Structures are given as structure tokens and as C-alpha cells.
Amino acid sequence: METPFKAVGKLVDIVNGMAKSRALYTVAQLNVANCIEPNGRMSSDQIAKQVHCDPSILYRLMRALSQVGVFRECEDDESGASHMFEHTEESIAMRNENFGNFVLATGLPTVFKTWELFPEVVTKSDLSTGSGNTISNKFFEELEQRQEEALVFGKGMTAITYKIAPLLVAQSDYSQFDTVVDVGGSEGILLSEILKVNKNIKLGINFDLPRLIEKFQTSMPERTAQLNARFKDVSGSFFESVPTGDCFILKSILHDWSDQCAKDILCTVVRSMKPSSKIYLYEFLVNNEKNEKQSPVVWMDIRMLNYNDGKERTLKEYQSLATECGLEVERVVSMEMLPSLIILVKATATTS
Ligand SMILES: C[S@@+](CC[C@H](N)C(=O)[O-])C[C@H]1O[C@@H](n2cnc3c(N)ncnc32)[C@H](O)[C@@H]1O
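Residues numbered from 1 in each chain as written. Predicted model: local features only at pLDDT ≥ 70, side-chain atom pairs only at ≥ 80, totals over all residues. Heavy atoms only, no water.

## Quick word on a nonpolar patch on the surface
Thinking step 1. On the surface, Met18, Phe112 and Trp115 cluster together into a nonpolar patch covering about 300 Å² of accessible area.
Thinking step 2. Here Met18 lies in helix H1 (residues 5-30). (Patch = residues over 30% accessible without salt bridge, like charges linked within 9 Å, V, L, I, M, F, W, Y side chains within 5 Å. Areas by Shrake-Rupley, 256 points an atom, 1.4 Å probe, with all protein chains shown as cover. Salt bridge = Lys/Arg side-chain N within 4 Å of Asp/Glu carboxyl O. Helix = DSSP H or I, 4+ residues; strand = E, 2+ residues; numbered from the N terminus.)

Written as C-alpha cells, this is what we have:
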């Protein structure tokens, strides 16, 4: 049977995915979205001068991106000006203060390199040994060696978390806690929001890798100044130990890791828990039903597999990780379009 034309078109579109992604990354690097005022228009030739690249190439790049909704090419005006572009919602979102940092983070050399090895991750991993694969579980170690990239990656995470932090905090009860530890808190943007809203919290500890914490302290000095003595940075590794607290936040942490590593992280946290402490996991949940609604999560799952042998999980899978660390799920708060909040406590049988 001859392959239908539509099917070929769809496959070509998927193949073009990489070109689209690299084009988006390149305009983010060149800061093109910041050149056009939010309500303004500008020619790609003028932008090319500002960002120091060839005008005809930049025009082709912007023309292609406008086909997928990033920038809009305007009709030539009476003055004869051509190659004029204005913003769309998507290109506005590409401005630095918005989502641009996330796009930059996803295209970093360390990230891009992982894709080259992806077929090997699939063909050479043997997860049945329980030790995970060794091809793709060094992401954070490699990032630690490249400080500039680590900083961009942190800013990329902040770009996402910053947008959703108020929504997450509004639906999460922090009223019972004195000390909250954000484990792998990156720049501390979620913790800052939690402390602003929940004045009862006496101390918020932002915990992350040493070299990142060092960098963030200089990149975000206003953060600690605003929250005075209630915000503290602590550095270390969550495979070794974490500070003691009443509530431990792990947002987008366990999905970065294999089952074995995720268990190790949870067990480290358990060692610092008081009997009444809680763990607040914020993670997207894979839906067991085979429907189209979960498609962004299943693609994030592939990205996690590729970067660091990570994995998006079902609630049942989080439950079984928890059980193996002497924890149980107390409650799940589902939030539409957002990660779910999965509250873990020490399992009743092990609480004395
Ligand atoms: C995907 S980011 C999530 C950041 C933040 N929780 C958020 O959602 O915006 C994962 C974080 O884990 C941190 N991390 C990775 N390995 C770590 C380790 N061994 N100990 C502490 N933090 C680590 C990374 O530096 C990074 O900030």
C-alpha cells in the first residue's frame, strides 16, 4: 500500500521538530524577542544589526519561526519597509524576563549533547539490574563542571517555577510549619513565594549543590535581603544529607532520577524528618488511562530519560517509592495543568 501523503507530511513535521527547536534556541541566544518592543514592530534587517548577524539569514529564521507562531511577519507598508515583524503571544513569552530563559536552558550544549546519545540510552540501558543506566545519569555532575551553563539551567527552571509558584502556593497548606526546606530549590523562587504568603514560617532553607548556591547568592542578592533572616541558603548533596525541617519540598526533583536514585534521595530526607514532618512532592503524574490529555507529560518523560535516566511516574509508582522508604501518601492535591502535590508522611507502622 502506498504511504498516504498526509502521513508523510506528519512525519516530516516531526523531523522538523529539531530544526524548530534549534531555531527557537538560536533566537533566544541572540535575544531577538527583546529587540522588538511589546507593541512595536521592527525589520529583521535592523534587528540583525543589533544582534550582529547576517540580515538575510535572520530574516529566513524569523520567517520560519513565524510559521509556527513565534513572531508575525507584517505586510510591507507604504513607505516600502519590508521584512517587518511584530510580536505574537509566543514571541512575547520569549522575552528574557519571561520564558526565554527556559528555551535557553533546554538548548544548552550539555543538554543538546545528551540527544546525540539518546539511541544508545534506548538500546544499551538495562534497567532490570535496578542500577539504572550509566549513559545518561551524569547530567547534574556535568552541569556542575560548567558553571555558566549551570546558571542558565537554574534561570530556566526559575522561569517556569516563577510563573506557577503563586498557583502552587495558593493550593498548598503551609500553615502548620516552622521550618521549610526546599530540597534542590535552585534559585529559591518557590521558597521565596511560600515565605511571602505564609508569615507563620520562621525559617525557609533553600538547599542545592554548593557551586550553584554560591552563584545564586550573587545573582539574586535581593531575594535574601527582602526576606531578611527567614531565608537561608544551605549547600550540599541530597544523596548525603539535608537540613532538618518540618516540611521538605521536592519540586521537579524525583522525576530527574531513576527509581534507585529517587529512593536514595527520599531516604536521605527521611533521615532528617521529625516524626511529624511532611514531604511535599510537586510532580506531574502520568495518567494510567491511555488518552491524549497526558501527552506533554509523556514527552517530558522522554526528556527526563534522556537527560539523566529520570522518569515521570504514576501515583502508584510514587506510592511504591514512598513505601520503600518507610513513607506513605497522606493526600494528593491535583491541580489542573500544574504538577500535583503529593504529601508524604512517615508510615504509621514506623512512627513511634
Ligand atoms: C529540575 S531542577 C528543579 C529546581 C526547583 N526545585 C524548581 O522546580 O524550580 C533540579 C534541581 O536539583 C538540584 N540538584 C541536582 N543534584 C543535586 C544534589 N545531589 N543535591 C542537591 N541538589 C541537587 C539541581 O541543581 C537543580 O537545582
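Here the narrative resumes, following the displayed structure.
## Thoughts on the site of the ligand
Thinking step 1. The environment of the ligand is made up of 17 residues, and the closest members are Thr161, Gly184, Asp208, Phe238 and Lys251.
Thinking step 2. A distance of 2.7 Å separates an oxygen atom of the ligand from a polar side-chain atom of Lys251.
Thinking step 3. Considered on its own, the ligand offers 590 Å² of accessible surface; in the complex 95% of this is hidden by protein. (Near = heavy atom within 4 Å. Polar contact = N/O pair within 3.5 Å; in protein donor to acceptor, adjacent residues only side chain to side chain.)

## Side note on the domain arrangement of the chain
Thinking step 1. Annotation of the chain at the domain level lists domain 1 (5-94) and domain 2 (103-350).
Thinking step 2. Opposite the six residues of domain 1 that make contact, domain 2 presents six residues.
Thinking step 3. Across the domain 1/domain 2 interface, buried area totals approximately 530 Å², and carbon plus sulfur atoms make up 77% of it.
Thinking step 4. Summed over the three residues of domain 1 that lose the most area to domain 2, namely Arg22, Tyr25 and Ala28, the buried surface amounts to 75% of that side.
Thinking step 5. Linking domain 1 to domain 2 there are zero salt bridges.
Thinking step 6. Taken together, the links from domain 1 to domain 2 amount to two residue pairs in polar contact (both at pLDDT 80 or more).
Thinking step 7. Per-class residue counts for the side of domain 1 that touches domain 2 are four nonpolar, one polar and one charged. (Domains from an automatic or database assignment. Contact = heavy atoms within 4.5 Å. Buried area = accessible area lost by both parts, 1.4 Å probe. Nonpolar A, V, L, I, M, F, W, Y, C, P; charged D, E, K, R; others polar.)

## A word on unusual backbone geometry
Thinking step 1. Here Phe71, not a glycine, exhibits a phi torsion of approximately 75°, which is positive.
Thinking step 2. For Phe71, the location among the structural elements is in the loop between helix H4 (55-67) and strand E2 (72-73).
Thinking step 3. Given a relative accessible area of 1%, Phe71 falls into the buried group. (Buried < 20%, exposed > 50% of the residue type's maximum accessible area, 1.4 Å probe, protein only.)

## Describing H1
Thinking step 1. For H1, built from 26 residues, the straight-helix expectation of 38 Å at 1.5 Å per residue is met to within 8% by its first-to-last C-alpha distance of 37 Å.
Thinking step 2. At Asn16, H1 is deflected by roughly 35°, the largest bend along its length.
Thinking step 3. For H1, the complete set of buried residues consists of Ala23, Tyr25, Val27 and Ala28.
Thinking step 4. Looking one or two places after H1, you find Asn31, whose phi comes out positive at around 65°. (Expected span 1.5 Å × (residues − 1). Bend = angle between axes of the 7 residues up to and from the residue.)

## Some remarks on the packing of helix H7 (residues 109-116) against helix H15 (residues 295-308)
Thinking step 1. H15 packs onto H7 with a crossing angle of 95° between their chain directions and a minimal axis gap of 9 Å. One way to sum up the angle between H7 and H15 is to call them roughly perpendicular. Here H7 contributes Val111, Thr114 and Trp115 to the contact with H15, which in turn contributes Ile302, Arg303, Asn306 and Tyr307. (Axes fitted to C-alpha atoms, helices over the stretch in contact; angles between N-to-C directions. Parallel < 35°, antiparallel > 145°, perpendicular 65-115°, else oblique.)

## Brief notes about the side chain of Thr179
Thinking step 1. In this fold, Thr179 is placed in strand E4 (residues 179-183).
Thinking step 2. Residue contacts for Thr179: discarding those within four places in its chain leaves Leu203, Ile205, Thr244, Gly245, Asp246 and Cys247.

## Overview of the pattern of salt bridges
Thinking step 1. All told, the structure shown has 13 salt bridges when counted by the stated rule.
Thinking step 2. Of the charged contacts, one joins Glu142 and Lys113 as a salt bridge, the two residues approaching to 3.0 Å between their closest N and O atoms. Of this pair, Glu142 sits in helix H9 (residues 139-145) while Lys113 sits in helix H7, and the two are 29 residues apart along the sequence.
Thinking step 3. Between Asp259 and Lys311 there is a salt bridge; the shortest N-O distance is 3.3 Å. Taken together, the residues Asp259 in helix H14 (residues 259-271) and Lys311 in the loop between H15 and helix H16 (315-324) connect sequence positions 52 residues apart.

## Focus: H7
Thinking step 1. Turning to H7, its buried residues number three or more, namely Thr110, Val111 and Thr114. Around the axis of H7, the buried residues are gathered within 105° of arc, so they sit on the same side. Pointing more than 90 degrees away from the buried face of H7 are the exposed residues Pro109 and Glu116. (Arc of directions from axis to C-beta.)

## A word on the sheet that holds strand E3 (residues 84-86)
Backbone hydrogen bonds are what pair the strands of a sheet, in a parallel or an antiparallel way.
Thinking step 1. Taken in spatial order, the three strands of this open sheet run E1-E3-E2, and their pairing is antiparallel. The sheet is open, and its two edges are formed by strand E1 (41-43) and E2, each paired on a single side.
Thinking step 2. Docked against the sheet, helix H3 (residues 44-51) engages E1 and E3, running at close to 75° with respect to E1. (Pairing = 2+ DSSP bridges.)

## Thoughts on the packing of aromatic side chains
Thinking step 1. Inspection of every chain in the model, using the stated rule, returns 15 aromatic pairs.
Thinking step 2. Consider the rings of Trp115 and Tyr307, whose centres lie 6.4 Å apart with planes at 75°: the pair is edge-to-face. Linking Trp115 in helix H7 with Tyr307 in helix H15, this pair joins segments that are 192 residues apart in sequence.
Thinking step 3. Residue class for Trp115 comes out partly exposed when judged on its relative accessible area of 32%.
Thinking step 4. When the ring of Tyr174 is compared with that of Phe177, the centres are 6.1 Å apart and the planes differ by 70°; the resulting orientation is edge-to-face. Here the two residues Tyr174 and Phe177 agree in accessibility, since each one is buried.
Thinking step 5. In this structure an aromatic cluster arises from ring pairing among Trp115, Phe118, Phe139, Phe140, Phe153, Phe238, Phe239, Trp257 and Tyr307.
Thinking step 6. Seen from the ring of Phe112, Arg22 lies directly overhead, with NZ or CZ sitting 3.7 Å from the centre. (Phe/Tyr/Trp six-rings, centres within 6.5 Å; stacked < 30°, edge-to-face > 60°. Lys NZ or Arg CZ within 6 Å of the ring centre and 35° of its normal.)

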